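A structural walkthrough
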Amino acid sequence: MIKNKMSWAKEFLLAALFLVLLMGVDFSVKGTGPLMRGGVRLVFAVVVAGIVYYILGTMKIFGKKIKLGTFTKIWGFIFGICLGGLFLLISILGHSAMMMHVKTLAADTMMALSAGIFEEFLCRGLLFSAFLSVFEKTKYKFTGAALATGIFFGLFHFMNLISGQGIAQTLQQATYAFVIGAIFASIRLTTNTLTWVVLIHWLIDWQPGISVTHTVSTIASWPVFLAVWGTLLVVTVIFLVAFDGSYNHQDSLIKND
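So, here's what we can say about the structure. Everything quoted here is computed from the prediction, not taken from an experiment.

Okay, the environment of alanine 174 next. One can find alanine 174 in helix 6 (residues 167-191). Taking the relative accessible area as the measure of exposure, alanine 174 reaches 7% and is therefore buried. Taking the C-alpha atoms as reference, alanine 174 lies 9.9 Å from methionine 159; in sequence the two are 15 residues apart. Apart from residues no more than four positions distant in its own chain, alanine 174 is found in contact with Gly154, His157 and Phe158.

Written out as structure tokens, the structure reads:
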């Protein structure tokens with residue numbers, strides 16, 4: 001793995017500072033138009049991404065390509081099918097069709113892009129690096145780091161309670177954000193870059209009116225909700241454990257040479 005320039009404790013503190021600054025930015029543009037909010041958010045996100053990139057020194061995790069075992073490849077394929085069905089067919093294509101008819105297209109695009117950049121560089125960049133250092137000596141460090149950043153990503157969405165979002169809606173949002181966080185960590189591990197998770201995150205958030213309000217008003221049936229997201233979580237965890245196995249196997253071969 002590629003080492004960065006900062007200790008994990010300092011990375012956690014910096015992440016907390018970025019969240020406080022985000023709240024300050026949101027407060028400063030409160031009451032302004034969607035275009036202003038989207039623009040300011042995007043500038044802030046790019047600045048944060050630049051700082052995180054400087055600290056990490058790269059968007060990669062590995063200096064060499066990880067050779068995946070057969071079991072990992074099989075579950076990677078299953079993981080890809082689930083991901084494609086959920087996000088590509090349902091979310092991304094659906095949102096793209098709706099976005100063609102909104103008046104706040106530019107503002108919504110900037111707001112969604114700012115979320116993709118800020119949250120991915122913070123969670124799958126800075127915090128993932130910190131948690132990898134915490135779990136470095138464990139057998140399943142990538143699984144641990146992915147789930148830990150997913151939990152943080154889920155808890156991060158409880159901030160929407162401040163904006164008046166309902167408790168039930170927030171609980172569902174935090175739950176699927178946790179699963180998506182683990183999924184995004186898996187994508188970053190597989191692609192060895194932050195680029196794809198930023199892009200996918202942007203497309204998922206690219207929804208009509210996101211620059212006006214980011215709160216959720218609808219709620220899904222809990223049994224259906226838990227069945228869908230629980231299945232995705234199980235598939236993701238199996239893939240992550242298999243990825244850890246492939247990495248450990250390759251690492252042991254290198255050490256024995």
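That was the structure; now back to the text.
Per the counting criterion, the structure on display carries 2 salt bridges. Its salt-bridge partner being arginine 41, residue aspartate 26 comes within 2.7 Å of it at the nearest N-O pair. You can see aspartate 26 sitting in helix 1 (residues 8-28) and its partner arginine 41 sitting in helix 2 (residues 34-56), a full 15 residues away along the chain. A salt bridge links glutamate 120 to arginine 124; its shortest N-O distance comes to 2.7 Å. Placement of the pair is glutamate 120 and arginine 124 together in helix 4 (residues 105-134), with a separation of 4 residues, close to one helical turn.

The next thing to look at is the packing of aromatic side chains. Enumeration over the complete set of coordinates arrives at 15 aromatic pairs. Between the aromatic rings of phenylalanine 62 and tyrosine 247, the centroid separation amounts to 5.7 Å while the plane-to-plane angle is 40 degrees, which identifies the pairing as tilted. Of the two residues, phenylalanine 62 sits in the loop between helix 2 and helix 3 (70-99) while tyrosine 247 sits in helix 8 (residues 222-256), which places them 185 residues apart along the sequence. We note that phenylalanine 62, like tyrosine 247, is buried. An angle of 85 degrees between the planes, with centres 5.6 Å apart, marks the rings of phenylalanine 142 and phenylalanine 243 as edge-to-face. In this pair, phenylalanine 142 sits in helix 5 (residues 141-156) while phenylalanine 243 sits in helix 8, placing the two residues 101 residues apart along the sequence. Residue phenylalanine 142 is classed as buried on the basis of its relative accessible area, which comes to 0%. Given the relative accessible area of 2%, phenylalanine 243 is considered buried. An aromatic cluster is built from Phe62, Phe142, Phe239, Phe243 and Tyr247, whose rings are joined through pairwise contacts. One cation-aromatic arrangement involves arginine 124 over phenylalanine 153; the distance from NZ or CZ to the ring centre is 4.4 Å.

The rules behind each value
Residues numbered from 1 in each chain as written. Predicted model: local features only at pLDDT ≥ 70, side-chain atom pairs only at ≥ 80, totals over all residues. Heavy atoms only, no water. Helix = DSSP H or I, 4+ residues; strand = E, 2+ residues; numbered from the N terminus. Buried < 20%, exposed > 50% of the residue type's maximum accessible area, 1.4 Å probe, protein only. Contact = heavy atoms within 4.5 Å. Salt bridge = Lys/Arg side-chain N within 4 Å of Asp/Glu carboxyl O. Phe/Tyr/Trp six-rings, centres within 6.5 Å; stacked < 30°, edge-to-face > 60°. Lys NZ or Arg CZ within 6 Å of the ring centre and 35° of its normal.

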